[in-house]
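Chains, contacts and geometry: an overview
Chain by chain, the residues:
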Amino acid sequence: MGGVTVKVGEEGSGIRVVERSRSNLPSNKQVQFDQNGSTLTLRSRNQTHFVFFGWGMQVSYLEVTVEPKLYQRLKITQASGNTDVVGIQATTFDLTSATGSVELNTISVASANLIQTSGEITLLGANQIDNLKVTMTSGRFDGRADAQHVTVNMTSGEFGLQFLSANPLSLDHDMTSGSATYSLPQSTPFSISVDKTSGAFSSGFTMTQNGNRYDYGTGGPLYTLDMTSGSFTIRP
């Protein structure tokens, strides 16, 4: 489909779903609603088709507006297209993106599991994520957030994460290739253990090295890096 926007509306507004398309959609191509107890599932049935000089099926766009409250779980599966999630609060957020573009803007979640095959994931605004897990095959990840616990497994691609006000309590990064950059507040001490086959590790902090361990200041939470190749940078 063309894209999905999930955003917070006004108090008492309920859940509002609007599907837009440049052409009329037959009923068997319109978004499908399934409700099971407190779980609402929206499924697009308007697949993307090749359009040549205006001929072919036009894709549709979903706009989903929800009430400003804490949701138990938000799950999004995207084959392609664009997805925007704005201002959502949830206990669990699961995202699976095969390709396309995803923007997360000022979300607050206890646990986020982001799976990216290719394409791009961007975190904008002031995101609060207690536990962030990112699994990426390729593509680009560029984010801003305060996260307490971060786990990243990347095969290749470009990864960047800036912590807004506080260093994470734990950070585990496993990479086969590609490039990764972390930006941390400069005032808080930390340590990082680096296990690499090849590639480059660099730090913008003045660190003391002891074997494969690097300490900034008096040392603090011990982060881990396991890399086969590529480049890894940690900096203020």
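The residue numbering used here restarts from 1 in each chain and proceeds along that chain's sequence as written. Totals for whole chains, interfaces and linings use every residue, but because this is a predicted model, local features are given only for residues with pLDDT of at least 70 and side-chain atom pairs only at 80 or more, for both listing and counting. Where side-chain values are given, they derive from all heavy atoms of the structure, hydrogens and water being excluded.

**A few points about the overall build of the chain**
A count of helical and extended segments in the chain gives zero helices and 22 strands. Throughout, exposure labels follow a simple rule: accessible area from a 1.4 Å probe, protein chains only, divided by the maximum for the residue type, with under 20% read as buried, over 50% as exposed, and the rest as partly exposed. Taken across its 236 residues, the chain has 36% of its residues classed as buried. Contacts spanning at least 24 positions in sequence make up 39% of the contacts within the chain whose residues lie at least 6 apart. In these tables, accessible area is a Shrake-Rupley quantity obtained with a 1.4 Å probe, and a residue counts as shielded only by the protein chains included in the view. Summed over its atoms, the accessible surface of the chain is roughly 12200 Å², and 47% of this surface lies on carbon and sulfur atoms. Each helix is a run of DSSP H or I of at least 4 residues and each strand a run of E of at least 2, with the numbering of both proceeding from the N terminus. Should any heavy atoms of two residues lie within 4.5 Å, those residues are counted as being in contact.

**Brief notes about the environment of Ala 112**
Mapped onto the elements of the fold, Ala 112 is located in strand E10 (residues 108-116). For the pair Ala 112 and Asp 94, spaced 18 residues apart in the sequence, the C-alpha separation amounts to 5.9 Å. Apart from residues lying up to four places away in sequence, Ala 112 is in contact with Phe 93, Ile 129, Asn 131, Leu 132 and Lys 133.

**Notes on the pattern of salt bridges**
Here, a salt bridge means any side-chain nitrogen of Lys or Arg that lies within 4 Å of a carboxyl oxygen of Asp or Glu. All told, the structure shown has five salt bridges when counted by the stated rule. Among the ionic contacts, a cluster of salt bridges with common partners joins Glu 120, Arg 140, Asp 142 and Glu 158.

**As for the side chain of Thr 65**
With respect to the helices, strands and loops of the structure, Thr 65 is situated in strand E5 (residues 60-66). Residues contacting Thr 65, with those up to four places away along its chain left out, are Lys 7, Val 8, Gly 9, Gly 14, Ile 15 and Arg 16.

**A word on unusual backbone geometry**
The backbone phi angle of Thr 106 is positive, close to 55°, even though this residue is not glycine. Judged by its relative accessible area of 38%, Thr 106 is partly exposed.

**Structural notes on the nonpolar core**
One finds Phe 93, Phe 159, Tyr 182 and Phe 232 to be the most contacted residues of the largest nonpolar core, which totals 52 residues. In terms of residue count, strand E13 (residues 140-154) provides more of this core than any other element does, six residues in total. We call a set of buried residues a nonpolar core when its members are Ala, Val, Leu, Ile, Met, Phe, Trp, Tyr or Cys and they connect through side-chain atoms within 4.5 Å of each other.

**Here's the deal with the layout of surface pockets**
Which parts of space are left empty comes out when a probe the size of a water molecule is rolled across the atoms. We place a 1 Å grid over just the protein atoms. Points where a 1.4 Å probe fits but has no way out form a cavity, open points with protein on both sides within 12 Å along at least 5 of 7 lines form a pocket, and any residue with an atom within 4 Å of a point lines it. Grid points are joined across faces, edges and corners, and a volume is the space filled by probe spheres set on the points. Estimated volume of the second largest pocket: approximately 160 Å³. Lining the second largest pocket are 14 residues; nearest its centre among them are Asp 142, Phe 159, Gly 160, Leu 161 and Thr 181. The greatest single-element share of the lining of the second largest pocket, amounting to five residues, is contributed by strand E14 (residues 158-163).

**Focus on the pairing of strand E21 (residues 222-227)**
Residues of E21 alternate between two faces, with Tyr 223, Leu 225 and Met 227 buried on one and Leu 222, Thr 224 and Asp 226 left unburied on the opposite face. As paired strands, strand E15 (residues 170-175) and E21 are joined by four bridges and run parallel to one another. Bridging from a neighbouring strand, Asp 174 pairs with Asp 226 of E21. Pairing between two strands is assigned when DSSP locates at least 2 bridges connecting them.

**Considerations on the packing of aromatic side chains**
Between rings of Phe, Tyr and Trp, where Trp is taken as its six-membered ring, a pair exists when centres lie within 6.5 Å; planes separated by under 30 degrees are stacked, by over 60 edge-to-face, and by other angles tilted. In this structure the tally under the stated criterion is ten aromatic pairs. Considering the side-chain rings of Phe 190 and Tyr 223, the 5.6 Å spacing of their centres and the 20° angle between planes classify their relative orientation as stacked. With Phe 190 in strand E17 (residues 190-196) and Tyr 223 in strand E21, the pair connects residues that are 33 residues apart, well separated along the chain. As far as the burial class goes, Phe 190 and Tyr 223 line up, both buried. Seen from their ring centres, Phe 201 and Phe 232 are 6.0 Å apart, and the 20° between their planes marks the pair as stacked. You can see Phe 201 sitting in strand E18 (residues 200-203) and its partner Phe 232 sitting in strand E22 (residues 231-235), a full 31 residues away along the chain. Comparing Phe 201 with Phe 232, the two get one shared label, buried. Through a chain of ring-to-ring contacts, the aromatic side chains of Phe 141, Phe 159, Phe 163, Tyr 182, Phe 201, Tyr 214 and Phe 232 assemble into a single cluster.

**Brief notes about the confidence of the model for the chain**
Scored between 0 and 100, pLDDT is the confidence that the predictor attaches to each residue. This prediction gives the chain a mean pLDDT of 88; 86% of its residues lie at or above 70. A low-confidence stretch, residues 48-56 (pLDDT under 50), is modelled with nine contacts involving residues beyond four sequence positions or located in other chains.

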